[in-house]
Amino acid sequence: MSESSERKIILPVGDSRLNEFIRRAGPIITAERGLNERSRLKLRSLADSLKLPNELFDLALEHFRQSGIEPKDKLTRFERAFVNWLTKHLNSTQQKILSTELEQAGLTHGTEKYQLTIDRARQLIHEVARDLGLQRVSLKQAESYLHYLVTDQIGSATVLNEQLRERLYRAAESWGVEIATVDGYIEQWLTENSNRERPSGTSRRVLALGSCALLIGITLYAYSIYQRQQHDPTVESDQNQLSEVEPSTDKSGAPFESSDLPPIALMEPHPNHPEWSETTIERLHAARPTTGLLDQYWNVLAAAEPDGRVALISELTASALAGHDETQRQAWVELLVLTLEIEPDPQTLETMISELTHRITVTSIDSSLTTPALADDLEDCFRSNQLAFQVWRTLDETSLPRRLLGQGLFNQTSVNLDALASVDTDEMFSEAYLPLAEQGLARQWLDYLTTLARLNPEQAGQFVIPIRQGLSDKLDHRSLNDRLEDILLMILENSPQSITHLKPVADEVIRNADHDRILAWGELLHSTQDHSLRQWLTTQLVLLLDIDRILGEEQQLSLIRSQILARQSELIGGHHALIRQWLTHNELLSKLVESDQLPNATAQNIADIAQWGTQAFALSRGQFELFQRLYQEPQAPLAMVAIANASRETLNLLDDAPFTAHATHHETLDKALAVLADKEVRPVTRAAALQRISAVADRFADIEFEQAQLLMTFLLNAQSDDEVIAIRKELGKLRHWLALQQALINQLESTTAPTDHLLTICRLLTDESFELATSDNWRAVLKIQLLSSLTGQLKIAIVRRNAENELLWDQLHDRLCDEMILRLRIVHSDGIPQDAYTLLIRTMTKAISSELNAANWQLDDYLAEDELHRAILAGRRLIDGVARAIGKRNPQIEHKITKIVTWHVVHSNQLQHYRDQLLLNELTLLKLWTSACQAN
Amino acid sequence: MSSKLIHGLIVGSAALASCLFADSVAGDVAWLKNSQQSQPMSGLILSVSTDFVEFLEFNAGRDLNKIAIPKSELVRLVKTIDPQSLKALSPSSPEGYRDSAEILSSYPSDAYAQYLAKRLYFLGAYWGRGEIRLSCFRGMISLCDDEALERRIRAVAFQNDPDRDPAWLDEPVSPSTKISNGISVETTAIALRLRADQLMLLSKIRNRAYLDAFQLLESIERQADRVIELGAKELVQEFETIRPILKQVVAEQQVSPEQWVFLMSLEIALLSERPLGQRWNSLMIRDQPDFRSLTIESIAEFPPERCFFLNGEWLSEQPGPR
């Protein structure tokens, strides 16, 4: 959108918070000279304090942007002209320092050409210089610095080369110092050098080298300060006045109150520490203009006792860590560097380094540690590292403090700064160290959390979130989450209730869990008894393993178990490990195998046991791939199969009514039925009554049989168009009434209704089509059809309502056939019969053991009272064959096999129901095949 | 030795008795004065005192009724069984059991002799081997009056026959069949009425007429029992399958959805004249068969181990303190 076409923002009226924000935002924008990052931050803070909604805040900012963000121009026409001239002038000189000379020229120009007062001209010069990023240096300061530069760079030389001289001249020019003055310094220093005692050859060479090093150091130091001053965008004063490099008398920026240290009196002349060298003294004096806090703490530095200086380091470090003003922080860093560099006592220096670095550490295990205190420690650790590194970088490369600090940092972070510096460029180095060191520290914090998770899991649970927040930008996301995942596993294993407050982080890490950790979460689900944790783990693992969320909890758990086991088998491999895990990961299975108790003989239990039996058989035959496939794809519950087998949409028989019937609904139903029963009532009234019944039908799960009879009588006898239309329209809403279906069957033989009407009623009520038989007994045929339809529907409704019902035995038959077919495939049996369970068992028996003969089956056929009995007897033959085969193959477990067979015989003689016998057979096979697995 | 003893004893007694009672009894017998029964009391004389005879009367079943008969009431008392000789039979000579059983089993109208014979055959089968065992099985089969038990004895015998003679597995001949030798006209008539009555019963249940249903069910049960008695069990197979549910529904006067499924299945079977079939849902609700293993122990009502004869019965010694 073009600017001209930009829609004008209209602020909503009447919002006191917005009005207040607009009122107070103006000065901020003006003070910050427009809508920039700083002003935005302040405005954000203001908005927060006023609880201004984000939408209004954004609107207001847009309003400011459209209405002009610049503060109103307070300059007069002449002032504006002067500022323009001065900006151009200073840019043209390409100076980075506002020297006295430049300032003086500006003042002259401002007063003479633009009729400004001296003060106003100076004010404007300072403002422009600040905007252009120029530092202001007094002539005295500049001369002092040049003097220092001359002495430092010439050192003890008696002859000055031209290159150095040129460089000093350029420096003088930059600082606004007369060339003659610099020449004077040079000549004076050279003369003094000449007058000094001439050192020996070796010493001279050493001195020369040292001088060169010092010179380079000083140059680099000066250059670094210079560069920082030039390029650091954060070096910006809030004051309108140009910040002076001169020692500040403003103590507001002092890192500590005067009461914290011995009273400091700025003394003239500055006292010196007895061990300070001349170079140090000169350096300190030279640094006074640029190191703002130096004069303030001069006496501390010069004191003979080192305690004050150690305290100074401690306080400067604390202040630098606490402060957020970069300028102040920079000043503290400079003083820290200087304090370290001039420290004459190596032992004190070590103490100072320790003061500077002791926070770069992980907090100790402490059960009383609070979460806020931990967060502070964490923040201090990383900020201390950054500060120490900044100090280290600023320190002279060859100095002892730098070496000691490098060692201190190495001790804390395990990053060798010197090694790093030797291979990388400076820029790369600075980029390299902090991430390396911070990664090391982050790992230490995670180690700490790991230990804590072991010792005090509840406290560790409290610390996870703050530590994660603190480390979020120190380690890459993946590494951090991986470590946290391990820690969470430890915490939740021992303190499962911690899941309640760990969910935000746990949700994220588990979603990205890798193979190993998925197994670990699965283990946790298997072992924990905590309901909340189980629930959370189930939900997460269902998502993670892509399990259907519609399934019931038990089935979900079963699928999770199977997938976890399958993954474990992939991971670990090995027959025995696989069997062990297969057994241990299914509590019910392991209990069944180890215990002599029999579980409830429900159809589903038998199906499950048969399924595990097939898995055990596959394992015992070394068919691991098939085992894994069987385990990963467990059979659906029988009830689900029964429902799924329904070929069409089923009626809602036996379902609870979606709405509860109240007294009024009962009254409506009763009255409407009374109308239907009244033969004197007009057909249209009866049709209306049927409509009223259908309107309340979803409030009744079923009706009384007498009511259903009455209603069916009306339905079958209805003749008028009004009634028939109403029936066609409304009867479908009454399909869920089982009693009505029964009433239709009941009246079928006696009704005199026309056949087409009767068929319509049948179709509307059952949602199925019927045809009338041509034979005389068409009523019986129709009744059979209706009974078959209703029986089928009712079965499905029963199964849907209760998965543990008595109508799943047919499904179990089919399931056991499937299992036996699988077993036959495992033994590579040819000619697998279909859908004849007994025949399947016998084929399996024949495949397992050749010792059995047809006479046994002849005997079973003779004895069996029905097909199920025959299957149970065949199952016993199979058990016998399996036991013999296993015993022959594994004589070492013969005793165990005999024990299982005896157990089977004892129970088979006691149990008196088909279901128990079926269960016993399948359980015995499971025990036998599991024993075979373990023996292999 | 013992078998010879008892054999001689029984034969001697029988010779005497046969003169008097046309060889219809083999046990101890007592005739009472003024008795309305044509047959003497059958059982075992326990003791004889001056005034009384302590007698163990054997009833139709296996119960033994101990009575003291005043001598003044006795017309005649014949003692043919020596309990001591029965007690003397030993597992080490299983043929003794068989031989005694064979003699006793030759008196089909003497219930007590039949009782003793069955047990003696059983003990002979249990302790005997080879042909002795197999002959005992044959004896048991010949005396068996229960079809299911006979089937079981035959199966056990087949299992114990090294030759696996398939003749063992012939269909049992039920007592009624033995009598009528086939499905009678009466059976067919009852079966037809049963079908109509069952449909009526289901209609009554659907109409919640439980009192009528109760009476009708009783009638149906009687008819079914009669059909079974007549040896045509297959004609009432559907009813027998659903019978437990029908009884429960009528007794509780309510039908659960699950029960409706079974009742309607029966109704479909009756209307379509097709059997319910061998689906497991239906089979599960049937009376359950005997699941015990085919061991010899499973064909007798008492354990043969340490079995002894006492007070007219074969009993198992109770384990006492050692």
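Residues numbered from 1 in each chain as written. Chains lettered and ligands numbered in written order. Predicted model: local features only at pLDDT ≥ 70, side-chain atom pairs only at ≥ 80, totals over all residues.

(A) A look at the overall build of chain B. From N to C terminus, chain B includes 12 helices and seven strands. Considering chain B as a whole, with its 322 residues, one finds that 37% of them fall into the buried category. In chain B, the proportion of contacts linking residues at least 24 apart, taken out of those at least 6 apart, comes to 55%. (Helix = DSSP H or I, 4+ residues; strand = E, 2+ residues; numbered from the N terminus. Buried ≥ 20, exposed ≤ 12 C-beta atoms within 10 Å, placed from the backbone. Contact = placed C-beta atoms within 7 Å.)

(B) Spotlight on the overall build of chain A. Scanning chain A from terminus to terminus reveals 43 helices and two strands. Split into buried and exposed, the 936 residues of chain A put 37% on the buried side. Sequence separation of 24 or more characterises 72% of the internal contacts of chain A that already satisfy a separation of 6 or more.

(C) Representation of the interface of chain A and chain B in the model. Residue-level contacts link 41 residues of chain A with 30 residues of chain B. A total of 11 residues in the side of chain A that touches chain B trace back to one element, the largest contributor, which is helix H37 (residues 778-801) of chain A. Looking at side-chain class alone, the side of chain A that touches chain B contains 20 nonpolar, 13 polar and eight charged residues. (Nonpolar A, V, L, I, M, F, W, Y, C, P; charged D, E, K, R; others polar.)

(D) Highlighting the nonpolar core. Grouped together as the largest cluster of nonpolar side chains are 282 residues, with contacts concentrated most on A:Leu146, A:Val391, A:Leu449, A:Leu488, A:Leu740 and A:Leu744. By residue number, the principal contributor to this core is helix H4 (residues 111-127) of chain B, which donates 12 residues. For A:Leu740, the contacting residues outside a window of four places in its chain are A:Ile703, A:Ala708, A:Leu711, A:Met712, A:Leu734 and A:Leu765. (Core = buried A, V, L, I, M, F, W, Y, C linked by C-beta atoms within 7 Å.)

(E) Main features of the sheet that holds strand S5 (residues 74-78) of chain B. Residue and element names in this part refer to chain B. The strand order across the open sheet formed by five strands is S4-S3-S2-S1-S5, and the pairing between neighbours is antiparallel. Two strands in the sheet have a free side with no partner beyond their single neighbour: strand S4 (64-70) and S5. Sheet twist, expressed as the average angle between the axes of neighbouring strands with direction ignored, equals 40 degrees. (Pairing = 2+ DSSP bridges. Axes fitted to C-alpha atoms, helices over the stretch in contact; angles between N-to-C directions.)

(F) Here's a closer look at unusual backbone geometry. In the Ramachandran plot, A:Lys51 falls in the positive-phi region, its phi being about 55 degrees despite a non-glycine side chain. Locating A:Lys51 in the fold gives a position in the loop between helix H2 (37-49) and helix H3 (54-67). Even without glycine at this site, B:Gln253 takes up a positive phi of about 55 degrees. Among the structural elements, B:Gln253 can be located in the loop between helix H10 (237-252) and helix H11 (257-272). Note on B:Gln253: 12 C-beta atoms within 10 Å, which makes it exposed.

(G) Expanded view of the confidence of the model for chain A. A residue-level look at chain A finds 84% of positions with pLDDT of 70 or above and a mean pLDDT of 80. Contacts for the low-pLDDT stretch residues 1-5 of chain A, under 50 throughout, to residues beyond four places or in other chains number one contact. (pLDDT = per-residue confidence, 0-100.)

(H) The packing of helix H14 (residues 326-342) of chain A against helix H16 (residues 371-394) of chain A, seen in detail. Residue and element names in this part refer to chain A. Interhelical geometry of H14 versus H16 gives an angle of 60 degrees and a closest axis separation of 9 Å. Comparing the axis directions of H14 and H16 gives the class oblique. Here H14 runs over H16; the crossing is right-handed. In this structure, H14 contributes Val 333, Leu 336 and Val 337 to the contact, and H16 contributes Gln 390, Val 391 and Thr 394. Residue composition of the contact of H14 with H16, grouped by class: four nonpolar, two polar and no charged. (Parallel < 35°, antiparallel > 145°, perpendicular 65-115°, else oblique. Left-handed = near helix turned anticlockwise from the far one by under 90°.)

(I) Structural context of the environment of A:Thr279. Relative to the assigned elements, A:Thr279 resides in helix H11 (residues 278-287). Along the chain, A:Thr279 and A:Tyr148 lie 131 residues apart, while their C-alpha atoms are 9.7 Å from each other.

(J) Region of the structure containing helix H6 (residues 118-132) of chain A. Residues and elements named next belong to chain A. Spanning 15 residues, H6 covers 21 Å between terminal C-alpha atoms, matching the ideal 21 Å at 1.5 Å per step. Buried within H6 are the following residues: Ala 121, Leu 124, Ile 125, His 126, Val 128 and Ala 129. Of the residues flanking the end of H6, it is Gly 133, one or two places downstream, whose phi is positive at about 80 degrees. (Expected span 1.5 Å × (residues − 1).)

(K) Main features of the pairing of strand S3 (residues 52-58) of chain B. Residue and element names in this part refer to chain B. Relative to S3, strand S2 (residues 41-48) is paired through five bridges, and the arrangement is antiparallel. What sits directly across from Val 48, in S3, is Val 53. The hairpin formed by S2 and S3 contains three residues between the paired strands. Here S3 pairs with S4 via seven bridges, running antiparallel. In the sheet register, Val 53 faces S4, and the bridge partner there is Ile 69.

(L) Structural context of the packing of helix H22 (residues 499-511) of chain A against helix H24 (residues 531-544) of chain A. Residue and element names in this part refer to chain A. As a packed pair, H22 and H24 sit with axes 11 Å apart at the nearest point and diverge in direction by 15 degrees. Here H24 runs roughly parallel to H22, going by the angle between their axes. Here the hand of the crossing between H22 and H24 comes out right-handed. On H24, the residues that touch Ile 499, Thr 500, Lys 503, Ile 510 and Arg 511 of H22 are Ser 532, Leu 533, Trp 536, Gln 540 and Leu 544. Counted by class, the contact of H22 with H24 contains five nonpolar, three polar and two charged residues.

(M) Structural detail: the environment of A:Leu321. All names here are of chain A. Along the chain, the position of Leu 321 falls in helix H13 (residues 307-322). As a C-alpha pair, Leu 321 and Phe 382 span 61 residues in sequence and 9.7 Å in three-dimensional space. Among all residues touching Leu 321, those that are not within four sequence positions of it are Asp 380, Arg 383, Ser 384 and Leu 387.

(N) Summary view of the confidence of the model for chain B. All names here are of chain B. When pLDDT is averaged along chain B, the result is 79; 82% of the residues meet or exceed 70. Highest mean pLDDT in chain B belongs to helix H5 (residues 130-143) (94); lowest belongs to helix H1 (residues 2-21) (40). The low-confidence segment residues 177-181, where pLDDT is below 50, has four contacts with residues more than four positions distant or belonging to other chains. Here the prediction assigns the complex a pTM of 0.52, and the interface score ipTM is 0.79.

(O) Highlighting H14(A). Helix length check: H14(A) (17 residues) gives 24 Å between terminal C-alpha atoms against 24 Å at 1.5 Å per residue, within 8%. For H14(A), the buried fraction is high: 13 of the 17 residues fall into the buried class.

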